[in-house]
Structures are given as structure tokens and as C-alpha cells.
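# Report on the structure
As a plain string of letters, each chain reads:
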Amino acid sequence: MTLHPPHSLLAELTHRCPLQCPYCSNPLELTKKSGEISTDTWKSVLSQAAELGVLHIHFSGGEPTARPDILELVSHAREVGLYSNLITSGVLMNEGRLDALLEAGLDHVQLSFQDCEAENADRIGGHKGGHAKKLDLAREVRARGAALTVNAVVHRQNIENVPKFIDLAVELDAGRLEVAHVQYYGWALKNRAALIPSREALMKATEEVAEARERLKGQLVIDYVIPDYYARYPKPCMSGWGRVGICVTPSGKALPCHAAETITGLEFDNVADKTLADIWETSSAFQAYRGFDWMEEPCRSCERREIDWGGCRCQAFAFTGRAEATDPACSKSPMHGELVELAMEESTAPPPEFAYRRIGAA
Ligand code: SF4
Ligand code: FES
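What this report covers is the structure whose coordinates are included nearby. Computed from a prediction, not measured in an experiment: that's the story for all the values here.

## Regarding the nonpolar core
Counting 81 residues, the largest nonpolar core has L9, W42, F59, L177, I222, I246 and V248 as its most contacted members. Discounting chain neighbours no more than four positions away, the residues touching L9 are V45, L46, A49, V54, H56, I57, H58, I246 and V248. One finds C247, L255, F292 and W309 within the second-largest nonpolar core, a separate group that totals 22 residues.

Take a look at the structure:
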């Protein structure tokens, strides 16, 4: 397989976050502030990324605005020619900070919502008053003409509100709505029984999204990420391992996928020790599941291997203990029946209490 340059960089600036969402994709062991890489190291990573061919930088976390150097990093991204997206919970922002970020060159804001009803949203995020702040920020973003994506994270405790999420995105004048069903790694795997929706609820939400896509064509783009536990084939996770994107963690580890640390046995290079280009080309973690050579049957000879790239390695590892196993979300996996049975069982039992994400709570 020819190795092309990556086109996106997910910069997880910090694991610190005022919210405590029980489906956070960050690892259970979160990096403390003292373990975060410096502003200069991040700036060097951004410059190297641009030289390597990266086009988009996604500033993420935790909450990326918890880093006081966010303005400097956004401004540096603009200087080196990267299109910047801020993936934020919004609760640390105010009008002054938003103006400063846009002035520094921020291109796009992606704002996550825990629900459309304030009380439930604040309960899920574990942050009182958070929902109201998000609404204010969304309106301020659009009042300044900046691009806005509403990110609606959906699970069994808010799935009935999918139509309201769509109405909210329209009301907020967002250009894009991402209806993203929770994916089960990190904290979400720990909370799966509290989060996984029933097949019926999922089907209903999927139909609602399909109807809205038609109705709102030309007005709102709706992306839809389903939980593939109920699908016939898995999602093309990361568009293929080590194929188009790099994630850098708060401590500087370069990962082929934001959840790759959940796979034990992989060794990750650090941007403080190696160049991004070297990591992209030679890092053992990036090579581990790149292309097709690592695949076992049925993936190896499957006609869909260039469509879904064998699905998700993190999910395969979480469920089977082997990252090279066929993703159990695939109907051709010998473990598929077990996965579906588990999903049915957990989604119909009463949901347990959330284990909230907190630094030091694992
Ligand atoms: Fe994808 Fe492998 Fe399933 Fe084929 S067998 S559909 S490549 S996961
Ligand atoms: Fe890591 Fe899918 S989440 S490969």
C-alpha cells in the first residue's frame, strides 16, 4: 500500500475538562497538568504537521481551552497554513475569548451538546449550568459569522431527543450537525450498560435522521455515526489505521487512533523524541495495523477490506482481547452473535448509575 501524507492532526492539548461525560473517549488513566507537553513542543508539532502535508488541525482534549496557550497555538496554526477546528464543550468560553480566538485565525467551532434539555444535559455532563453556556456560545459564534458544527452525542439516556437535536441545530444556524452515537472505548466502555440504546430506539433515530437529511438539504449537513454493535458491517474506523490521521496526546504520544492506548502491547513514540514525519513513516504502532498484511481471515480475502479497512482495532481488542481479530461488529466475525446478544441484554436491563470521568477517578 502506498503511504500518503496524513491530512488531519487531532491535537489533544489536555485531559483537563470541567465536564465529566461518562462516554469520554479519553483513557481511564488521564494525564495530569504536570505531564502535558509545552507550548513550544506543540508549536513544533504544528509546523511539522503542515510540512508533512496535514491540512486540518483539530484542537481537542479534554477541554482545549483549559490550556492558557490556546490563542498562541491557534495563531501558530494559522501562520503555518493549517485549517483549525476547536472541539469544545464551550463552558470555559466567553465573548472576549471567542473574539480573540477568531482574531488569532480560528476557522471553525465544533460544540458538543449532552442533550437538548438543560437538566438532563447538565446531569449527563456532570456540570451545572453547562447547557445554557453552550447555547450562548453557539449564538455568539454565528453572530460573528464563524462556522459552527453542533455535535450531539447520543445514547440510551437521550436518544428520544434526536428530532429536538435537529431542531436545535437549525435554530442555532449551524452548518453541520454530527449525530454521533457513543462508541465503546475508554470511559464509554466502562459505562456501556448505562449508554447502549435498544435496537428499536436506534432504528427510530436512524429514520428520523434520514427524514431530516432530505428535508434540510442545502440548509444543514447531518453526519450520522451509528453504534456498529447493531450493524451488519463495521465502520471504517479512522478511515483505516495509520492511513489519514495522527493523534497527539497531552503527554506527546503520537497515536494512530485517539483510543489506541486501550490496546495493550503497542509502543507509542513521543513527539518530544522523534519528528512527526519519522513517526508517520516508521513508528511500530502506526505500522501495526496499517494496510492489509496484518489481517486474518475473513478480512484478508474480503471484498470490503478497502471499504471498512477491517473495522475498528480498538473495538476488536476490547471485545476479543486481540486487536488483529475481525471486528466483532462485523457479521462475518465468529464473535458477532455474542456482541449482539450482549448489546440486547444490556440495553434492555435498567441502566446502572454513571461512572463519571474525573482525573484520578479510574
Ligand atoms: Fe470488513 Fe473484515 Fe468484515 Fe470484511 S470481514 S466486512 S473486511 S471487518
Ligand atoms: Fe481505535 Fe477504532 S477507535 S481503531
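From this point on, the discussion continues.
## Side note on unusual backbone geometry
When glycine is set aside, most residues are seen to have a negative phi, and most peptide bonds are trans. With an omega of 15°, the peptide bond between G61 and G62 qualifies as cis. Position of G62 relative to the elements: it lies in the loop between strand 2 (56-60) and helix 2 (70-79). Residues E297 and P298 are joined by a peptide bond in cis, for which omega reads 10°. The residue P298 is located in the loop between helix 11 (284-288) and helix 12 (305-308) in this model. Non-glycine residue S239 carries a positive phi angle of around 55°. Assignment of secondary structure puts S239 in the loop between strand 7 (221-225) and strand 8 (245-248).

## Remarks on the sheet that holds strand 2
Across the sheet, which stays open at both edges, the 9 strands sit in the order 7-6-5-4-3-2-1-8-9 with mixed pairing between neighbours. Edge positions in the sheet fall to strand 7 and strand 9 (254-255), since each has one partner strand and no second. Two strands pair when backbone bridges link them, and strand 5 (residues 147-154) and strand 6 (residues 176-181) are joined in this way by 6 bridges, in the parallel orientation. By the bridge assignment, T149 is partnered in strand 6 with R176. Along the sheet, helix 2 makes contact with strand 2 and strand 3 (83-88), crossing strand 2 at roughly 175°. Sitting on the sheet, helix 9 (residues 199-215) is in contact with strand 6 and strand 7, with an inclination near 160° to strand 7.

## Let's talk about the packing of helix 6 (residues 162-171) against helix 9
At a closest axis distance of 9 Å, the pairing of helix 6 and helix 9 adopts a crossing angle of 30°. Here helix 9 runs roughly parallel to helix 6, going by the angle between their axes. For the pair helix 6 and helix 9, the sense of crossing is right-handed. Where helix 6 approaches helix 9, its residues V162, P163 and I166 are matched on the opposing element by A205, E208, V209, A212 and R215. The residue inventory of the contact of helix 6 with helix 9, partitioned by class, reads 6 nonpolar, no polar and 2 charged.

## Some thoughts on the environment of A272
Tracing the chain through its elements places A272 in the loop between strand 9 and helix 10 (276-282). Residue classification places A272 among the exposed residues on the basis of a relative accessible area of 55%. Along the primary structure A272 and A254 are separated by 18 residues, whereas in three dimensions their C-alpha atoms are 9.9 Å apart.

## Quick word on the packing of helix 2 against helix 3 (residues 95-104)
Look at helix 2 against helix 3: their axes get within 8 Å of each other, and the N-to-C directions meet at 25°. Taken as axis vectors, helix 2 and helix 3 run roughly parallel relative to one another. Judged by the sense of rotation from one axis to the other, the crossing of helix 2 with helix 3 is right-handed. On helix 3, the residues that touch I70, L71, V74, S75 and R78 of helix 2 are R97, A100, L101 and A104. Looking at the contact of helix 2 with helix 3 residue by residue, the class counts come to 6 nonpolar, 1 polar and 2 charged.

What counts as what
- Residues numbered from 1 in each chain as written.
- Chains lettered and ligands numbered in written order.
- Predicted model: local features only at pLDDT ≥ 70, side-chain atom pairs only at ≥ 80, totals over all residues.
- Heavy atoms only, no water.
- Core = buried A, V, L, I, M, F, W, Y, C linked by side-chain atoms within 4.5 Å.
- Buried < 20%, exposed > 50% of the residue type's maximum accessible area, 1.4 Å probe, protein only.
- Contact = heavy atoms within 4.5 Å.
- Helix = DSSP H or I, 4+ residues; strand = E, 2+ residues; numbered from the N terminus.
- Pairing = 2+ DSSP bridges.
- Axes fitted to C-alpha atoms, helices over the stretch in contact; angles between N-to-C directions.
- Parallel < 35°, antiparallel > 145°, perpendicular 65-115°, else oblique.
- Left-handed = near helix turned anticlockwise from the far one by under 90°.
- Nonpolar A, V, L, I, M, F, W, Y, C, P; charged D, E, K, R; others polar.

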